[in-house]
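# Residue-level structure breakdown
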Amino acid sequence: MLNERIKPIVMPKWGLSMSEGKLTGWLKRPGASVALGDELLEVETDKITNVVEAGDSGILRRVLGEPGTVYPVKALIAVLAEPDVPDSEIDAFIDAYAAPAAGGAEEEAEAAPRYLFAETPAGTLRYAKRDGARGEEGPAVLLLHGFGGDLDNWLFTIDALAESATVYALDLPGHGQSAKTLADPTLAGLSKAVLGFMDAAGIDRAHLVGHSMGGAVSMRTALDAPERVASLSLIASAGLGSAIDHGYIQGFTAANSRRDLKPVLETLFADQSLVGRKLVDDLLKYKRLDGVDAALRALSAALFADGAQAEILADAVAATGLPTLVVWGEQDRVIPAAHATALGGGARSVVIPNAGHMVQMEAAGKVNALLKEHIGTPATRTTT
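## Points about the packing of helix α6 (residues 246-254) against helix α7 (residues 258-266)
Where α6 meets α7, the axes come as close as 9 Å, and the angle between the chain directions of the two elements is 150 degrees. As judged from the angle between their axes, α6 and α7 are roughly antiparallel. For α6 against α7, the interelement crossing comes out left-handed. Here Y248, G251 and F252 of α6 come into contact with α7, specifically with L261, V264 and L265. Class assignment for the residues of the contact of α6 with α7 results in 5 nonpolar, 1 polar and no charged.

## Overview of the sheet that holds strand β5 (residues 49-53)
The strand order across the open sheet built from 4 strands is β5-β4-β2-β7, with neighbouring strands paired in antiparallel fashion. Two strands in the sheet have a free side with no partner beyond their single neighbour: β5 and β7 (69-72). Across the sheet, the mean angle from the axis of one strand to that of its neighbour is 40 degrees, orientation sign disregarded. By the bridge criterion, 4 bridges tie strand β2 (residues 20-26) to β7 in an arrangement that is antiparallel. When the sheet's bridge partners are listed, G21 is paired in β7 with Y71.

## Observations concerning the nonpolar core
The biggest cluster of nonpolar side chains holds 92 residues, and the ones touching the most others in it are L41, L142, F197, L232 and F252. Among the elements that make up this core, the one with the highest residue count is helix α4 (residues 187-201) (6 residues). The contacts of F197, once residues within four sequence positions are left out, are A118, T120, L125, Y127, L142, Y168, L170 and I203. Among the nonpolar cores identified, the runner-up in size contains 24 residues, and W154, A169, V327 and V350 belong to it.

## Some details on the confidence of the model for the chain
Segments scoring low in pLDDT should not have their predicted coordinates read at a detailed level. Looking at the chain, the pLDDT average stands at 89 and 91% of residues meet or exceed 70. In the predicted structure, residues 101-109 sits below a pLDDT of 50 and forms 5 contacts with residues beyond four places in sequence or in another chain. Across residues 377-384, confidence stays below pLDDT 50; counting only partners more than four residues off in sequence or on other chains, it has 10 contacts.

Conventions we followed
- Residue numbers here run from 1 along each chain, matching the order of that chain's written sequence.
- With the structure being a predicted model, the display of local features is reserved for residues of pLDDT at least 70 and the display and counting of side-chain atom pairs for 80 or more, all residues being used for whole-chain, interface and lining totals.
- Side-chain descriptors were evaluated using all non-hydrogen atoms of the structure, hydrogens and water having been removed beforehand.
- Axis lines are fitted through C-alpha atoms, for helices just across the contact stretch, and the angle between N-to-C directions can take any value from 0 to 180 degrees.
- Numbering of helices and strands runs from the N terminus; a helix is a DSSP stretch of H or I covering at least four residues, while a strand is a stretch of E covering at least two.
- Any angle from 65 to 115 degrees is called roughly perpendicular, while one under 35 is roughly parallel, one over 145 is roughly antiparallel, and all others are oblique.
- Crossing chirality is assigned from the near helix's rotation relative to the far helix, an anticlockwise turn below a right angle marking it left-handed and a clockwise turn marking it right-handed.
- In this analysis, two residues are considered to be in contact whenever any of their non-hydrogen atoms come within 4.5 Å of each other.
- Any residue that is not Ala, Val, Leu, Ile, Met, Phe, Trp, Tyr, Cys, Pro, Asp, Glu, Lys or Arg is counted as polar, Gly included; the first ten are nonpolar and the last four charged.
- Here the rule is simple: two strands pair whenever DSSP picks up at least two bridges between them.
- As used in this record, nonpolar core signifies buried Ala, Val, Leu, Ile, Met, Phe, Trp, Tyr and Cys residues forming a set joined through side-chain atoms within 4.5 Å.
- Each residue gets one of three labels from its accessible area relative to the maximum for its type: buried under 20%, exposed over 50%, partly exposed in between, using a 1.4 Å probe on protein chains only.
- Confidence scores here are pLDDT values: one per residue, from the predictor, ranging 0 to 100.

Right, dumping it as structure tokens:
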């Protein structure tokens, strides 16, 4: 039996498809004191680089992971323990450490299909589902991505929220591996698609978490079917003001090469180095699928015509009194962070420094903590 006073730090698993990660650098030195939530190291996946935060406190007694090395998910890369734990016990812990045994419940869960598909009135929609510790008894959370995105935009979110909820991440119509035909490219049409998905997936009521365009879709859904929405979490959301970088929308829609697309994607991040070759190549593959160009152009014309957002829902949502969290990256260059206060005192508004439009990826730990607090206690939120 492993010593419970010694806490392992392992290669994390972000999202459904990650099997390994490259340790790019340590942010704490051996012997450093570590508090819960401290940033420990950076890991590069085939999608993006992110920071690993401490899940326990203690002293960083042993560092096993070497920068520049690729490790499988769950590989032991460091050890936390208090100063009074002898080195011999640390050595014994490392020698005895192993990933969960084959055939366990966790392995069986990971052997399940990574992605699921639902037949809806809006066509076939791809989604991912993660059951939390409380299984079906936990609250349902539905994650909705932005313009040109897909469910992988929630790479660092889905598992964090699934600790205490049943989490669904959806490819909206026209995106990812969902149907590319858009019968109605307006927010009302996308709201109908979301409600159709909820019906198909057996979700009676959910906490909606929307990023950018997905935030506007979440608000429209809450207005169209308030009995189906438990709370709203709006991340760099559209629908709260008219301003938007129309150059980004046009550039993303028109780009058909790495040279054209890369600088457009760099607009999304405060740290432009996060836009790697794999991210660009994956989006180019998506944009070259049949029906994608028409879908993006239809959405752009309906939602962002004449260089501005077509629908402003702030006043209507504020009037509902629905528990709402608004999160923004201070360096957002797509939709200004000034929109974060559009709902007034009836919503909690948090602007995070050193993050851009993809704040849920650049500041995943902070955003996830805010989301878990909000979703876990929606009934206690007051509006004034």
